[in-house]
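# Overview (structure and organization)
The chain contents come next:
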Amino acid sequence: MAPRADEPLVLGIETSCDETGVGIVRGHTLLADAIASSVDEHARFGGVVPEVASRAHLEAMVPTIERALKEAGVSAKDLDGIAVTAGPGLAGALLVGVSAAKAYAYALGKPLYGVNHLASHICVDQLEHGALPEPTMALLVSGGHSSLLLAPDITSDVRPLGSTIDDAAGEAFDKVARVLNLGFPGGPVIDRYAREGDPDAIRFPRGLTGSRDPIYDFSFSGLKTAVARWIEARRAAGEEVPVADVAASFQEAVVDVLTRKAVRACKDNGVDHLMIGGGVAANTRLRAMAARRCEDAGITLRVPRPKLCTDNGAMVAALGSEMVARGRSASAWDLSADSSLPVTETHVPAPEGAHGHGHSHGHSHTHDHDHVHELSKKNLYES
């Protein structure tokens with residue numbers, strides 16, 4: 001379905017980790033999704049180096065925004081708002097994105113929306129499968145997060161049910177790949193090797209699945225350690241390590257726990273839709289097991305295509321567009337990056353009574369604090 005001209009046109013900027021993502025969305029329609037990744041620069045270190053990521057964002061920001069505008073066939077002056085990931089994420093990397101978003105919003109006279117990275121991962125599914133049902137149950141799995149979230153309203157009400165108490169799922173994939181000497185990032189390469197292995201070859205532990213364990217929380221540190229010790233024992237005995245079987249068995253343990261807890265959360269909370277997002281949602285075994293278990297439980301599964309599961313600007317633009325459409329308050333000009341922004345804060349509005357952005361949905365926007373702009377400019381020019 002073609003987007004309507006009266007739907008909000010929003011540009012989104014994502015810099016929470018090592019991907020400079022810029023997306024442009026009109027309503028629920030994706031117009032552009034431009035990404036510049038610095039993953040190759042981190043590979044030799046075996047993980048993301050924050051300072052390297054921040055510098056890469058600085059270099060990639062303007063070219064990536066220009067590429068997205070060209071791809072979407074729109075002018076920056078046509079935008080109805082600019083959204084940016086305010087957190088959680090790497091502080092320095094977030095700061096680059098927030099600074100760029102504030103500069104563009106200020107220069108263009110557009111409202112600014114600092115949004116939550118995790119809520120954005122949920123909202124991106126609207127670009128694939130249409131409006132999210134309310135409430136939506138979301139399983140978010142990535143290098144930094146493993147979370148079960150209940151979202152009655154993606155713009156204002158996201159409730160955490162469970163999360164990882166140690167390693168996130170994606171982090172465990174990276175660490176196991178390192179032990180197997182498969183390189184970085186670990187998720188895609190383990191998925192690839194696992195297709196040739198036997199998932200039942202080795203029975204690795206399933207963390208936090210006992211009767212007295214927290215029913216919605218996750219733990220993958222013990223699993224990671226068990227895999228490492230199994231590999232070390234084989235090597236110490238002079239035996240060959242069956243890489244494909246280890247990859248498949250490890251992956252099966254992760255996916256088993258993730259899907260089991262997600263389906264239980266849906267049943268316990270009377271929710272008939274499950275959305276899976278985050279980088280690990282691109283994993284083929286996770287998608288297959290989730291599809292089977294959801295079908296058996298009568299739950300509708302929603303998973304975006306792999307490119308929209310990993311960090312991208314489209315997801316930020318999607319949430320920003322929803323903020324505009326629902327009339328949510330824009331952020332203040334003193335918006336800051338928050339590396340530990342809780343998921344319950346889906347966006348960072350201007351404080352009550354503050355001179356924030358006056359805005360109206362449409363093609364014209366007013367600022368009730370333009371006098372502040374003029375004073376700032378005056379001070380700059382006179383200094």
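Note that the coordinates shown come from a computational prediction; the quantities given were computed from them, not determined experimentally.

Conventions and cut-offs
Residues numbered from 1 in each chain as written. Predicted model: local features only at pLDDT ≥ 70, side-chain atom pairs only at ≥ 80, totals over all residues. Heavy atoms only, no water. Pairing = 2+ DSSP bridges. Helix = DSSP H or I, 4+ residues; strand = E, 2+ residues; numbered from the N terminus. Axes fitted to C-alpha atoms, helices over the stretch in contact; angles between N-to-C directions. Contact = heavy atoms within 4.5 Å. Phe/Tyr/Trp six-rings, centres within 6.5 Å; stacked < 30°, edge-to-face > 60°. Buried < 20%, exposed > 50% of the residue type's maximum accessible area, 1.4 Å probe, protein only. Lys NZ or Arg CZ within 6 Å of the ring centre and 35° of its normal. Polar contact = N/O pair within 3.5 Å; in protein donor to acceptor, adjacent residues only side chain to side chain.

## Things to note about the sheet that holds strand 10 (residues 300-302)
- The strand order 8-7-6-9-10 describes an open sheet built from five strands, whose pairing is mixed. With partners counted over all chains shown, the strands left at the sheet margins are strand 8 (157-163) and strand 10, one partner each. Between one strand axis and the next, the sheet turns through 25° on average, direction left out of account.
- In terms of strand pairing, strand 6 (residues 136-141) meets strand 7 (residues 146-153) through six bridges, oriented antiparallel. In the sheet register, Met-137 faces strand 7, and the bridge partner there is Leu-150.
- Here helix 10 (residues 284-297) sits on the sheet in contact with strand 6, strand 9 (273-277) and strand 10, set at roughly 160° to strand 10.

## Regarding the packing of aromatic side chains
- Considering all chains together, one arrives at four aromatic pairs under this definition.
- Between the aromatic rings of Phe-173 and Phe-250, the centroid separation amounts to 5.0 Å while the plane-to-plane angle is 70°, which identifies the pairing as edge-to-face. Placement of the pair is Phe-173 in helix 6 (residues 169-179) and Phe-250 in helix 9 (residues 243-269), with a sequence separation of 77 residues.
- With a centroid separation of 6.5 Å and 85° between ring planes, the pair formed by Phe-204 and Trp-230 is classed as edge-to-face. One end of the pair, Phe-204, is in the loop between helix 7 (186-194) and helix 8 (221-236); the other, Trp-230, is in helix 8, and 26 residues separate them in sequence.
- Among the residues examined, Phe-204 registers a relative accessible area of 3% and is labelled buried.
- Geometry around Phe-218 places Lys-261 over its ring, the cationic atom sitting 5.9 Å from the centre.

## Overview of the side chain of Ser-331
- With respect to the secondary-structure elements, Ser-331 resides in the loop between helix 12 (313-325) and strand 11 (347-348).
- You can call Ser-331 buried: its relative accessible area is 0%.
- Polar side-chain contacts of Ser-331 include one of 2.9 Å to the backbone nitrogen of Gly-114.

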